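# Residue-level structure breakdown
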Amino acid sequence: MKSLIKTTAAISSTEAMLMFIALFRNKYLAMTIGPQGLGVYSLLNSFFLMATIFGGTWMATGTTKYLAEYFAKGDKASVEKILSFAITVTIGIGMFLTIFLTIGHNWFIKHFLSGEVSLTYFFLFASAFLALNLRPVLLAILQGLKMVKEVVGTRWLIAIVDLVLVLVFVHFYYLTGFFLSLVLSAYWAICVLLWAITKKGNIHFQKFSPKDLLFKKILFFGGINFFLALMNLGSEYLQRIIVFNHLSVQSVGVMQAGVAIMTYL
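What you see is a predicted model, and the numbers here were worked out from it, not measured in a lab. (Residues numbered from 1 in each chain as written. Predicted model: local features only at pLDDT ≥ 70, side-chain atom pairs only at ≥ 80, totals over all residues. Heavy atoms only, no water.)

### Focus on the overall build of the chain
Across its full length, the chain holds 10 helices and 0 strands. If you list the helices and strands of the chain from N to C, you get α-α-α-α-α-α-α-α-α-α. Against the globule reference of 18 Å for 265 residues, the chain gives a C-alpha radius of gyration of 19 Å, in line with a compact fold. C-alpha atoms of the chain, sized along the principal axes, occupy 55 × 40 × 30 Å. Sorting the 265 residues of the chain into buried and exposed places 48% on the buried side. Intrachain contacts of the chain at a sequence separation of at least 6 include 82% that bridge at least 24 residues. As displayed, the chain has an accessible area near 13,700 Å², and 70% of this comes from carbon and sulfur atoms. (Helix = DSSP H or I, 4+ residues; strand = E, 2+ residues; numbered from the N terminus. Rg over C-alpha atoms; globule rule 2.2 N^0.38 Å. Buried < 20%, exposed > 50% of the residue type's maximum accessible area, 1.4 Å probe, protein only. Contact = heavy atoms within 4.5 Å. Areas by Shrake-Rupley, 256 points an atom, 1.4 Å probe, with all protein chains shown as cover.)

### Overview of helix α3 (residues 60-73)
Here α3 is 14 residues long and its end C-alpha atoms lie 20 Å apart, about the 20 Å a rise of 1.5 Å per residue gives. For α3, every residue scored as buried is listed here: Ala60, Gly62, Thr63, Tyr66, Leu67 and Tyr70. Seen along its axis, α3 keeps its buried residues to an arc of 150 degrees; they face one direction. For α3, the secondary structure elements touched by its buried residues are α4 (76-103), α7 (129-144) and α9 (213-246). Among the residues trailing α3, Gly74 stands out with phi positive, at a value near 80 degrees. (Expected span 1.5 Å × (residues − 1). Arc of directions from axis to C-beta.)

### Quick notes on a nonpolar patch on the surface
Taken together, the side chains of Met17, Phe20, Leu23, Ile261 and Leu265 present a nonpolar region at the surface, about 530 Å² in accessible area. The element best represented in the nonpolar patch is helix α1 (residues 2-32), accounting for 3 residues. Among the structural elements, Ile261 can be located in helix α10 (residues 249-264). (Patch = residues over 30% accessible without salt bridge, like charges linked within 9 Å, V, L, I, M, F, W, Y side chains within 5 Å. Salt bridge = Lys/Arg side-chain N within 4 Å of Asp/Glu carboxyl O.)

### Things to note about the pattern of salt bridges
In the structure shown here, the tally under the stated rule is 2 salt bridges. Between Asp162 and Arg25 there is a salt bridge whose closest N-O contact spans 2.9 Å. With a gap of 137 residues between them, Asp162 in helix α8 (residues 148-200) and Arg25 in helix α1 connect regions that are remote in the sequence. Of the two residues, Asp162 and Arg25, neither departs from the other in class, the shared state being buried. As a salt-bridge pair, Glu69 and Lys65 come within 2.8 Å of each other at their nearest N and O atoms. Remark: Lys65 and Glu69 occur in helix α3; sequence separation between them is 4 residues, near one turn of the helix. With relative accessibility at 31%, the residue Lys65 sits in the partly exposed group.

### Focus on the layout of surface pockets
Within this model, the second largest pocket holds a volume of roughly 180 Å³. Lining the second largest pocket we find Phe47, Met50, Ala51, Phe54, Leu97, Phe100, Leu101, Phe108 and Phe112. For the lining of the second largest pocket, the secondary structure elements donating two or more residues are α2 (34-52), α4 and α5 (105-112). (1 Å grid on protein atoms, 1.4 Å probe; cavity = no way out; pocket = protein on both sides within 12 Å on 5 of 7 lines; lining within 4 Å. Points joined across faces, edges and corners; volume = space filled by probe spheres on them.)

### Topic: the confidence of the model for the chain
In low-pLDDT regions, the fine details of the predicted coordinates are not to be read closely. On average, the chain scores 85 in pLDDT, and the residues at 70 or more come to 95%. Looking across the chain, the model is least confident in α1, with a mean pLDDT of 75, and most confident in helix α6 (residues 119-127), with 93. (pLDDT = per-residue confidence, 0-100.)

### Observations regarding the nonpolar core
Within the largest apolar cluster, 75 residues are counted, with the highest numbers of intra-cluster contacts made by Leu44, Phe47, Phe48, Phe122, Ile141, Phe178 and Phe179. Per element, the largest residue contribution to this core is 15 residues, and it comes from α8. With residues up to four places along the chain from it excluded, the contact list for Phe47 reads Leu101, Phe108, Phe112, Leu113, Phe122 and Tyr237. (Core = buried A, V, L, I, M, F, W, Y, C linked by side-chain atoms within 4.5 Å.)

### Comments concerning the side chain of Ser185
Mapped onto the fold, Ser185 is located in helix α8. In this structure, Ser185 is in contact with Asp162 and Leu165, ignoring residues within four places of it in sequence.

### As for the packing of α9 against α10
In a packed pair of helices, the relevant descriptors are the angle between the two axes and the axis-to-axis distance. Relative orientation of the contacting elements α9 and α10 amounts to 140 degrees, with a least axis distance of 7 Å. Read as a crossing pair, α9 and α10 show a hand that is right-handed. Facing α9, whose interface residues are Gln239, Arg240, Val243 and Phe244, α10 presents Val249, Ser251, Val252, Met255, Gln256 and Val259. Of the residues contributing to the contact of α9 with α10, the split by class is 6 nonpolar, 3 polar and 1 charged. (Axes fitted to C-alpha atoms, helices over the stretch in contact; angles between N-to-C directions. Left-handed = near helix turned anticlockwise from the far one by under 90°. Nonpolar A, V, L, I, M, F, W, Y, C, P; charged D, E, K, R; others polar.)

### Structural notes on unusual backbone geometry
The residue Lys146 is not glycine, and still its phi comes out positive at about 60 degrees. Within the fold, Lys146 resides in the loop between α7 and α8. The residue Tyr174 is not glycine, and still its phi comes out positive at about 55 degrees.

The following block contains the structure:
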């Protein structure tokens, strides 16, 4: 019980402080790139988040579950195999989808986005797609290993660097700078999380066999999570497309700001 209280207090206080950072960040963006910029970002963000469902993000929940089970048993070999399996599958699928999205960019922009989205912004988001897939899986690994201090510490590092990048790049390059900051922040987050897992957690990559029953369990668990995420993130994307088609890209930006504030509250 004492451990639960400490963990809850640490995560709750972190969430509260990160909320203030996020509110300041959004206020700055609203004053610089405006509703239209936020609208373009919201369309792209919801589209690529929906695409991550087909990447490796659906493995995150199952990875946390089975890592926590084998970590509690002290079975380090299985822990390292689960970690290696989750990261390898996510990177493999993420790289394939990145190439697929890049090659078919015109078709995706025409049918899933709009002419308001320039090729530059699409390609910048696509370049961060692998990191968008990998980040939730790495966070799931930290949580499965019960590395509470590392979860809190990495989130602080990621949030602070993200804020600095946004302030600097948006100041000089406006909306293009914002998308550049997103790419740099995404890969910074991956580097920090991998460092925490391998160095702080003293966990290393191991060879594994895809035929192992354990990995079949993870894939089955992840398959259920896939359909849940498809409903959740798919609906968020559809909401923005409906608002865009019936109102404007500026309205999508206002919606994005409102949803962000509601989420923080």
